[in-house]
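So the chains spell out like this:
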Amino acid sequence: MRGVVMYAPGDVRVEQREDPKILHPTDAVIRLSASCVCGSDLWPYRGAEAVEGPAAMGHEYVGVVEEVGSEVRNVRLGQFVIGSFFASDNTCEICRAGYQSSCAHRELVGGAQAQYMRVPLADGTLVSTSQMPSEDLIPSFLAASDVLGTGWFGAIAAQAGPGKTVAVVGDGAVGLLAVLASKQLGAERIIAMSRHESRQGLAREFGATDIVTERGEAGVAQVKELTGGMGAHSVIEAVGTQQSMLQAIGSARAGGHVGFVGISHDVALDGQQLFFSHVHLHGGPAPVRQYLPQLIDLIFKREIDPGKVFDLALPLDEAAEAYRAMDERRAIKALLRV
């Protein structure tokens, strides 16, 4: 099969790879309908994370079940399925509490930028649709595999809801879909922090009421000005840098909540500053599996259209250009047609 492999920072190739096989009786093999490049894939691409190369890339996926292990009961051949970037049994105590991404038996799912992939713990990881979706819905289901579920978790961790003012730090796919999630959860006011016109437009389409273009302390000052000096009730941090985390904490009012879902890189917090902020912090790798049934239902009913974050679609063989376009911010998110 054809699949994307990263050899070193900036070195992405599409090569012939070995077809995946059932390794454990709880596995499934799916034929990918679409995959994509994630913002987190850019960390190793830019050299900010070590490349354990050659590394098979991709962790966002939708597709059709081709083969199942002998112990798989909930997933059947021919079903269209969506899964998340962590495989989980969905039965352990942590999973039952709603944190499948910290499942006692979790496995990181990878190699999704390809024609086929193996999914461990298939019964707990994969969620099937009631019928084969139309082609135009596939981008939205693909978004549900990670960026929509992650934005949704960020909004819930920040306790976005009716009567709340929400600020979103980050205008990538996760940040934009955190805007959508906040709107769905009933937020009264949503402040999107973005300096890019096309992303600002999509943020407004998803429900943003205000745009702040400043970053850092200037961005915090703008949020405070928009909220009568108080700060936002809920802030979603969707980047993962020192500046974005401090901006998120600074934008929250005393007693406010920050949901942080950007993968942290060199983030260090001043304990005394945090102590006196009275801000609640909650976040981490999103338990996407918890939200998939609800998100699938919303997408099938066409109540939300998260697939709009894909503003570039390319064949799998042009994956290197997809990475370049996202790295250079010429694309919000690149879909790979398999």
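Just above, that's the structure.
**Thoughts on the pattern of salt bridges**
Move 1: Taken as a whole, this structure holds 16 salt bridges when the rule is applied.
Move 2: Here Arg13 makes a salt bridge to Asp11, at a shortest N to O gap of 2.8 Å.
Move 3: In this structure, the salt-bridge partner of Arg329 is Asp171, at a minimum N-O distance of 2.9 Å. You can see Arg329 sitting in the loop between helix H12 (319-327) and strand E18 (333-337) and its partner Asp171 sitting in the loop between strand E11 (165-169) and helix H6 (173-184), a full 158 residues away along the chain.
Move 4: A single network of salt bridges, built from pairs that share partners, joins Glu321, Arg324, Glu328 and Arg330.

**Quick word on the packing of aromatic side chains**
Move 1: Scanning the model with the defined rule gives five aromatic pairs in all.
Move 2: Between the aromatic rings of Phe275 and Phe276, the centroid separation amounts to 5.0 Å while the plane-to-plane angle is 90°, which identifies the pairing as edge-to-face.
Move 3: Phe275 gets classed as exposed once you look at its relative accessible area, which sits at 62%.
Move 4: Given the relative accessible area of 63%, Phe276 is considered exposed.
Move 5: A connected cluster of aromatic rings, assembled from ring pairs, spans Phe80, Phe141 and Phe300.
Move 6: The ring of Tyr7 has Arg13 sitting right over it, with the charged end atom 3.7 Å from the ring centre.
Move 7: Seen from the ring of Phe86, Arg106 lies directly overhead, with NZ or CZ sitting 4.5 Å from the centre.

Conventions we followed
Residues numbered from 1 in each chain as written. Predicted model: local features only at pLDDT ≥ 70, side-chain atom pairs only at ≥ 80, totals over all residues. Heavy atoms only, no water. Salt bridge = Lys/Arg side-chain N within 4 Å of Asp/Glu carboxyl O. Helix = DSSP H or I, 4+ residues; strand = E, 2+ residues; numbered from the N terminus. Phe/Tyr/Trp six-rings, centres within 6.5 Å; stacked < 30°, edge-to-face > 60°. Buried < 20%, exposed > 50% of the residue type's maximum accessible area, 1.4 Å probe, protein only. Lys NZ or Arg CZ within 6 Å of the ring centre and 35° of its normal.

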